[in-house]
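# Remarks on the overall topology
For reference, the chains in residue letters:
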Amino acid sequence: QAQLVESGGGLVQTGGSLRLSCAASGSSNSIADMGWYRQAPGMQRELVGVFTFASGSTYIADSLRGRFTISRDNANNMVYLQMNSLKPEDTAVYYCYMNLIDAVTLYETMYWGRGTQVTVSS
């Protein structure tokens with residue numbers, strides 16, 4: 001069973017940094033992409049960033065570009081989200097996801113982690 005485990009969340013002051021980690025395991029299917037969403041209280045879940053495995057390309061939401069970066073550990077199925085210059089509005093639960101490609105059908109299935117809380121104090 002595919003599984004994602006996030007770590008690295010916590011409480012930080014405005015202007016501080018955090019690095020979130022996401023480790024994927026439990027499946028032999030290829031990973032199409034991994035990334036992060038976040039959800040603040042009372043808000044919809046929003047896309048933060050994506051790492052596409054085949055191309056190595058990355059995407060960060062326009063509003064976060066310049067402060068957040070996404071990267072991958074090539075030796076392992078791990079993705080990181082480096083968050084700098086954090087603001088109170090970055091406070092949210094951050095969810096890791098991955099899209100797995102079924103080797104036979106080529107159908108993609110999305111999996112989610114349980115989320116990690118990031119709180120930025122003013």
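Residues numbered from 1 in each chain as written. Predicted model: local features only at pLDDT ≥ 70, side-chain atom pairs only at ≥ 80, totals over all residues. Heavy atoms only, no water.

### Topic: the pattern of salt bridges
Applicable threshold: Criterion for a salt bridge: a side-chain nitrogen of Lys or Arg within 4 Å of a carboxyl oxygen of Asp or Glu. Per-residue accessibility, obtained with a 1.4 Å probe over protein chains only, is compared with the maximum for each type, and a residue is labelled buried under 20%, exposed over 50%, and partly exposed between these values.
In the structure shown here, the tally under the stated rule is four salt bridges. For aspartate 62, the salt bridge goes to arginine 65, with nearest N and O atoms at 2.7 Å. For arginine 65, a relative accessible area of 48% gives the class partly exposed. Among the ionic contacts, a cluster of salt bridges with common partners joins Arg38, Glu46, Arg67 and Asp90.

### Some thoughts on the nonpolar core
Quick note on the threshold: What we call a nonpolar core is a set of buried Ala, Val, Leu, Ile, Met, Phe, Trp, Tyr and Cys residues that are connected through their side-chain atoms within 4.5 Å. Strands are runs of DSSP state E lasting at least two residues, helices are runs of H or I lasting at least four, and both sets are numbered from the N terminus onward. Every residue pair with non-hydrogen atoms within 4.5 Å of one another is taken to be in contact.
Among the nonpolar cores identified, the biggest contains 29 residues, and Met34, Trp36, Phe68, Leu81, Met83, Tyr94 and Met98 are the most heavily contacted of them. Only strand S3 (18-25), strand S4 (30-39), strand S5 (46-52), strand S7 (68-73), strand S8 (78-83), strand S9 (92-101) and strand S11 (116-121) provide two or more residues apiece to this core. Sort the elements by how many residues they give to this core and S9 lands first, with five residues. Setting aside residues up to four positions removed in sequence, leucine 81 forms contacts with Leu18, Arg19, Leu20, Trp36, Val48, Ile60, Phe68, Thr69, Ile70 and Tyr94.

### Section: the packing of aromatic side chains
What counts, and what does not: Geometry of aromatic contacts follows a simple scheme: Phe, Tyr and Trp rings, the Trp one being its six-membered ring, pair when their centres are within 6.5 Å, and the pair is stacked under 30 degrees between planes, edge-to-face over 60, tilted otherwise. In this scheme, Lys NZ or Arg CZ marks a charge over a ring once it lies within 6 Å of the ring centre and within 35 degrees of the ring normal.
The full count for this structure, using the stated rule, is four aromatic pairs. Ring centres of tyrosine 37 and tyrosine 97 lie 5.6 Å apart, and the angle between their planes is 75 degrees; on these two criteria the pair is classed as edge-to-face. Taken as a pair, tyrosine 37 in strand S4 and tyrosine 97 in strand S9 lie far apart in primary sequence, 60 residues in all. In this structure tyrosine 97 comes out as buried when scored by relative accessible area, which is 4%. Look at tyrosine 37 and tryptophan 112: their rings are 5.1 Å apart centre to centre, the planes differ by 65 degrees, and that puts the pair in the edge-to-face class. Residue tyrosine 37 is located in strand S4, and its partner tryptophan 112 is located in strand S10 (residues 108-112); the two are separated by 75 residues in the primary sequence. Residue classification places tryptophan 112 among the partly exposed residues on the basis of a relative accessible area of 36%. Joined through ring pairs, the aromatic side chains of Tyr37, Tyr97 and Trp112 make up one cluster. Sitting over the ring of tyrosine 95, arginine 45 keeps its end group 3.8 Å from the ring centre. Sitting over the ring of phenylalanine 53, arginine 72 keeps its end group 3.9 Å from the ring centre.

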